[in-house]
Every structure is written in structure tokens, then in C-alpha cells.
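Listed below, chain by chain, are the residues.
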There are 2 protein chains.
Amino acid sequence: MKRISIIGTGVMGEAITKAYIRKGYQTTVWNRTPSKTKPLTDIGSSLAETVSGAVKSGDLIIAAFTSYEDLANQLEPLDLNWEGKVLVNISSGTPERARAFGEYTLEHNMPYLDAAAMSGVRRIGDTEEGLFLFSGQEKHFKSMQDVLQILGKINYLGEDFGLTPLYDSALFTMAWGSLIGFYNASAFVESEGLDVRRFASVAGSHTPFINSLFREHSSAIHTGQYPDDDGNLAIHASAMQHVVAVSREKGLNTIFPEFLASLFEKGIANGLAEEGIASVFKILKKQV
Amino acid sequence: MKRISIIGTGVMGEAITKAYIRKGYQTTVWNRTPSKTKPLTDIGSSLAETVSGAVKSGDLIIAAFTSYEDLANQLEPLDLNWEGKVLVNISSGTPERARAFGEYTLEHNMPYLDAAAMSGVRRIGDTEEGLFLFSGQEKHFKSMQDVLQILGKINYLGEDFGLTPLYDSALFTMAWGSLIGFYNASAFVESEGLDVRRFASVAGSHTPFINSLFREHSSAIHTGQYPDDDGNLAIHASAMQHVVAVSREKGLNTIFPEFLASLFEKGIANGLAEEGIASVFKILKKQV
């Protein structure tokens, strides 16, 4: 059974350590302020006095610092033997920063994966709702796949270290689209005295359909051909104008449906009236 | 085995009839232009010469006209015996129109359900991705549940006939939130030369998490208390400003991330900086 070391035991590192302890793994923790590891050593984790000690005690070493700089500051002074080990780093940053750090690890023969925790701290160890992304050399992902999957659903993106922060930003924007749509629909539903919790349940049952639109529309975007299988932009513009009008009657803030309606109008003004709805992509990509 | 009659065989009525034929049901179709039913009678459906005939031949009668008016024009001249039968109507319209027609059916002892097909024509009969909503008297839904579920995933909303069009508008807005988020993220990803089809697959694997946010945030909205479990508005505003900056560098249209960033700023200006992200609802509901 592989041994897991966690360096940096803030809220993220702590949740990660607990997920491995729950599954019966031998864990070692290190933190700049040793007293902060007490909740973890109390439940069975070993304490490393130094970062070197934590690396020596683990097969998989997970770094959970705030930034790449914090990790670099800890690792760069050390001369460590990384043979048979893999370092996984969960820091937020730009693709450029991720690539620079990735290059550093290649130069120093550190088997390394850049990682992103997409579902926050509370879903660490949740294989239904927790999503972790990885980029770097595939052989390192494969060698640690069995233990990485303790963290949640895991997805290897490719060699380019910048892929994890890129996907992180993209999924963040995508998630906010879903959330703003849900909040707006909730305001609409609640203005009729209906229970938004019931609406959330129906909304959840609609996502397999929306996911299938993601699949089909990504093919449309890829080819640049936008079939109108799900209606064309003119039809959706008219339906959205209806939502704007009803929302206004209800005394709601119409900022979101108006934003969409104006986007559709812009598409129509640029010749997309009869195109499938995914052609809105052309506006966002500045193709029209 | 219940007999199914379909009145109005445009694209929607045709898809519905085919779904029942596939499952071995005895179907009867009626259309104002009888020749349009040929693709259905060719594959085994019976043809009714009149609307009365179609109603007599069915236990479940599904009306798939464009509007409530079209249906009313067909039914109002008739004096039919609806005992043991249920009429299900799939027309788009306002909650007021749905309620007015529902009242008419109550006055005339017509067992009636207002319905909405949420996933378009192509997913009729698809129990994974097709969603159908119903409102009206629950006893009618229950008596026909076994045959209605041939249409897709079915969900009974309540007695108020206006619930189906209300949910229809709400789910339409919600779906557009998800789509605009996805298209924007696709533009972001494609600008790095990455394959949007691969992104769509990762995006799909993120929806169980987003659905769990819908559930949790609907409880927050219901109680009016917004815990910061998923970060507060100030943190998300800062992350969204980062997306705006990166998108601008990539030469993308920044209209969507800027829309979100300005919404967050409005929330922060109204004292929501430390509140959980679902507090954006307060802006959309004009509570702040």
C-alpha cells in the first residue's frame, strides 16, 4: 500500500489527509506551524519535522500550499531523491506559472503532476461530486492512479502543465453560467410563491439533457457547422424576450435574460438568425 | 394495455406516436390534414376521421397542437364522454392561458393534465435525457403514470395548471445559463488550441457537483441565510476578474465574465462581500 505525505495542512491539505486516513492509508504530514497538524496526528497521521522527512516517508507527496511560490520556497533549497515517488501540487495560478514550475521539476528530475481541485474542500474524497484534474507526464499519473482516485473523480488532461489552470478557469466560468441561470430561475419560481428546493430537484433532473447539448454543441463548435436541431437563434431570441417580459411583470431584475436576449440580437444582426443556438459561440470567440 | 390517441401530428405529435408504437402500444392518430398522418399509419397506427373518433379510441389522449387556441377550437364544439380517459396537452403558452384552459376542463368534467416537453422533439421516448412536466389533478397523473413514462422522465408538479409553463420558462433560463457558460468556456479552451469535445466531456463530469450546489443553494435561498461554504462573493469577484483579464489577453469577447464580475461588484457594493455566492439571488430578486 502506497504511503502518502501531505505538505501544507491548511483546510485543503487537512481534508486530503483525512480522506486517506479514512481509507486506511499511512499518512505523514508536515506544516510550517507544526501545532496545526495536531488534528491529523491525533487521528493517526505521522508528523514529519522537515519537508525532506515528509518526502522520504511518502510514495505520493501531495503539496497543498496557497501558491506555487510557497511550494518552490520549500523545495528549492533541498536536494532530494525522488526515485519512485511522485509530487502532486494543488495550487491555483496562471498557466504560465504552472508551466514554469513544471519546467523546473523536469530540470530537477522530479516526477511531477500539476493538479486542480475543482469542487472545493468539502468534496475531497467524494467520488461522485469531487473532481480533480491533472496534467504532466502521463506515466506519473498512471503510476499513482490507484491512490489519486481516493481524492474523487480524477481526470488526466495531458502533458502540458498549463492545462490544469486553463481547465480550472474554463470550468469556473462554466459553473458560474449554470449558477447564474439557476439563481435567476429560482427568483422567477419564488416570485410565484413556489418552493425553490423543489425547483432545484427538477433542475437537477434536467442536466443529463444539458450535458448531451454540451456534447453535441461541442461537435458543432469543432466543425463550425451549427445545425438547428434545438431551434435556431431567432426562435430562442423570441422565447427569451417572453421571459424578459414576464420577469418584468413579476418585478424581478431582468439583467440576466436581457443580457442573453441582447446577445441573441447581436447574433441575428450578424446573420445567425437561422443558425443553431451554439452559433452564439461565434460571438464569444469574436468570429462575428 | 391502455390505448393511446394523438391529436395533432406535427413533429412533436409524430415523435410521440412513434415512441408509443415502438413500445407496442395501440395508437390512433388524427390530424387536420389527414395525409400528414401517413408516416404513422404506414407503421401501424390507426387513423381517426374525426377528433371525436380519436378520443373514443383512446384511454390516454395526447394533444400536440401549437397553441391552446388550436386545441380549444377542436374540442369546444364536441360533446364527449371523458369517463376513464385523460387528456394531456402539450402546448406552449403563458401560465394565465394554461390556467384558463384548465378551468375550462374542470367545468366540463374533462380529466386533464397540462404538460411541457422540456427536451425538444428528438428526445421524446428517451428516459435518460427527455424530461416531461405535468400539472393538474394528481389522480389523473397517477392513473396514467404507467403510460406517460414512455415519453421520458416524468415529473408531476402540482394542481395549479400554470405550473408547467412557469417551470418551462424557469428551466429555459436555467438551461441558457448552463449553455452560455459552456460556450464561453469553450471559446476560452479553443483559444489555446484545445479540443472543445474533450472539454465537453470533462464539463459533463462536473455537473453532479453543480447539481449538489443547486440543492444546497436552494436551501440557502429558502432560508435567506447564505453560508460561505463555497467561497464568498469577494473571493469569486477576484477570481472572475482574473478570468476577464486572461480572456482579454486571448482576444476573446469578455462580455460574459464581465457581466458576472459586475454583478458580483454590485453585490459587494450592497454589503454581500462576505456572504456565500448564492446571495447573488438577492440582486436578481431585487432584494438588494
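Structure: above.
Keep in mind it's a predicted model, so treat the numbers as computed, not measured.

Draft legend 1. The interface of chain A and chain B, seen in detail. Contacts between the two partners involve 94 residues from chain A and, on the opposite side, 94 residues from chain B. When chain A packs against chain B, close to 9,000 Å² is buried across both sides, 69% of that on carbon and sulfur atoms. Taken as a group, Trp176, Tyr183 and Leu284 of chain A account for 8% of the area that chain A buries against chain B, more than any other trio of residues on that side. On the surface where chain A and chain B come into contact, there are 16 salt bridges. Here Glu190 of chain B ties to Lys285 of chain A by a salt bridge, and the two come within 3.0 Å at their closest N and O atoms. At the boundary of chain A with chain B, the tally comes to 38 residue pairs in polar contact (both at pLDDT 80 or more). Mapped onto the side of chain A that touches chain B, the elements with two or more residues apiece are β7 (126-136), β8 (152-158), α7 (163-190), α8 (196-205), α9 (207-223), α10 (233-249), α11 (255-269) and α12 (280-284) of chain A. For the side of chain A that touches chain B, the element with the most residues is α7 of chain A, which contributes 25 residues.

Draft legend 2. Up close: the pattern of salt bridges. Inspection of every chain in the model, using the stated rule, returns 39 salt bridges over all chains. Between Asp146 of chain A and Lys2 of chain A there is a salt bridge; the shortest N-O distance is 2.8 Å. Remark: Lys2 of chain A occurs in the segment before β1 (4-7) and Asp146 of chain A occurs in helix α6 (residues 138-148); sequence separation between them is 144 residues. In this structure, Asp230 of chain B engages Arg122 of chain A in a salt bridge whose closest nitrogen and oxygen atoms are separated by 3.1 Å. Residue Asp230 of chain B is found in the loop between α9 (207-223) and α10 (233-249), and its partner Arg122 of chain A is found in the loop between β6 (112-117) and β7; the two belong to separate chains. Each of Arg122, Arg123 and Glu129 of chain A together with Arg215, Glu216, Asp229 and Asp230 of chain B takes part in one network of salt bridges that share partners.

Draft legend 3. Highlighting the packing of α11 of chain A against helix α11 (residues 255-269) of chain B. Remark: α11 of chain A packs on α11 of chain B, axes separated minimally by 12 Å, with the N-to-C direction vectors making an angle of 165 degrees. With respect to α11 of chain B, the axis of α11 of chain A lies roughly antiparallel. Considering only the axes of α11 of chain A and α11 of chain B, their crossing is right-handed. Contact residues: Ile255, Phe256, Phe259 and Leu263 of chain A in α11 of chain A; Ile255, Phe256, Phe259 and Leu263 of chain B in α11 of chain B. Taken together, the residues that form the contact of α11 of chain A with α11 of chain B break down as eight nonpolar, no polar and no charged.

Draft legend 4. Representation of the sheet that holds strand β5 (residues 86-89) of chain B within the structure. Residue and element names in this part refer to chain B. Overall, mixed pairing links the eight strands, which are arranged β3-β2-β1-β4-β5-β6-β7-β8 in an open sheet. Of all the strands in the sheet, just β3 (46-47) and β8 (152-158) have a single pairing partner and so form its edges. As paired elements, strand β7 (residues 126-136) and β8 share six bridges and run parallel to each other. Within β8, the position partnered with Ser135 by the bridge is Gly158. Docked against the sheet, helix α4 (residues 68-75) engages β1 (4-7), β2 (27-30), β4 (60-63), β5 and β6 (112-117), running at close to 150 degrees with respect to β5.

Draft legend 5. Structural view of the nonpolar core. By size, the foremost hydrophobic cluster in this structure holds 108 residues, and its most contacted members are Trp176 and Tyr183 of chain A together with Trp176 and Tyr183 of chain B. Discounting residues that sit within four places of it in the chain, Trp176 of chain B has contacts with His236, Met240, Leu260, Phe264, Ile277 and Val280 of chain A together with Tyr183 of chain B. In terms of nonpolar packing, the next biggest core, distinct from the first, is built from 29 residues, Ala64, Ile124, Phe141 and Ile150 of chain B among them.

Draft legend 6. Spotlight on the relation of the copies chain A and chain B. Superposing chain A onto chain B requires a rotation of 180 degrees together with a translation of 0.0 Å along the rotation axis, leaving an RMSD of 0.1 Å. Put plainly, the chains are arranged around a two-fold axis. Same-surface contact between copies: 100% of interface residues of chain A are shared with the interface of chain B.

Draft legend 7. Region of the structure containing the sheet that holds strand β3 (residues 46-47) of chain A. Residues and elements named next belong to chain A. In spatial order, the strands read β3-β2-β1-β4-β5-β6-β7-β8; together these eight strands make up an open sheet with mixed pairing. Edge positions in the open sheet fall to β3 and β8, since each of these has one partner strand only. Taken strand by strand, α6 contacts β1, β4 (60-63), β5 (86-89), β6, β7 and β8, and its axis lies near 180 degrees from that of β8.

Draft legend 8. Broad picture of the packing of aromatic side chains. Within this structure, the stated rule accounts for 33 aromatic pairs over all chains. Measuring from centroid to centroid gives 4.7 Å for Phe259 of chain A and Phe259 of chain B, while their planes differ by 20 degrees, and the two rings are stacked. Within this pair, whereas Phe259 of chain A is found in helix α11, its partner Phe259 of chain B is found in helix α11, the two belonging to separate chains. In this structure Phe259 of chain A comes out as buried when scored by relative accessible area, which is 8%. Aromatic pair Phe132 of chain B and Phe134 of chain B: ring centres 6.4 Å apart, planes at 20 degrees, arrangement stacked.

Draft legend 9. How the structure looks around the environment of Lys23 of chain A. Residue and element names in this part refer to chain A. With respect to the helices and strands, the residue Lys23 is situated in the loop between α1 (11-22) and β2 (27-30). Distance from Lys23 to Gly125, taken between C-alpha atoms, is 9.4 Å for residues 102 residues apart in sequence. Setting aside residues no more than four positions away along its own chain, Lys23 makes contact with Met1 and Ile150.

Cut-offs applied
Residues numbered from 1 in each chain as written. Chains lettered and ligands numbered in written order. Predicted model: local features only at pLDDT ≥ 70, side-chain atom pairs only at ≥ 80, totals over all residues. Heavy atoms only, no water. Contact = heavy atoms within 4.5 Å. Buried area = accessible area lost by both parts, 1.4 Å probe. Salt bridge = Lys/Arg side-chain N within 4 Å of Asp/Glu carboxyl O. Polar contact = N/O pair within 3.5 Å; in protein donor to acceptor, adjacent residues only side chain to side chain. Helix = DSSP H or I, 4+ residues; strand = E, 2+ residues; numbered from the N terminus. Axes fitted to C-alpha atoms, helices over the stretch in contact; angles between N-to-C directions. Parallel < 35°, antiparallel > 145°, perpendicular 65-115°, else oblique. Left-handed = near helix turned anticlockwise from the far one by under 90°. Nonpolar A, V, L, I, M, F, W, Y, C, P; charged D, E, K, R; others polar. Pairing = 2+ DSSP bridges. Core = buried A, V, L, I, M, F, W, Y, C linked by side-chain atoms within 4.5 Å. Buried < 20%, exposed > 50% of the residue type's maximum accessible area, 1.4 Å probe, protein only. Least-squares fit on C-alpha atoms with pLDDT ≥ 70 in both. Phe/Tyr/Trp six-rings, centres within 6.5 Å; stacked < 30°, edge-to-face > 60°.

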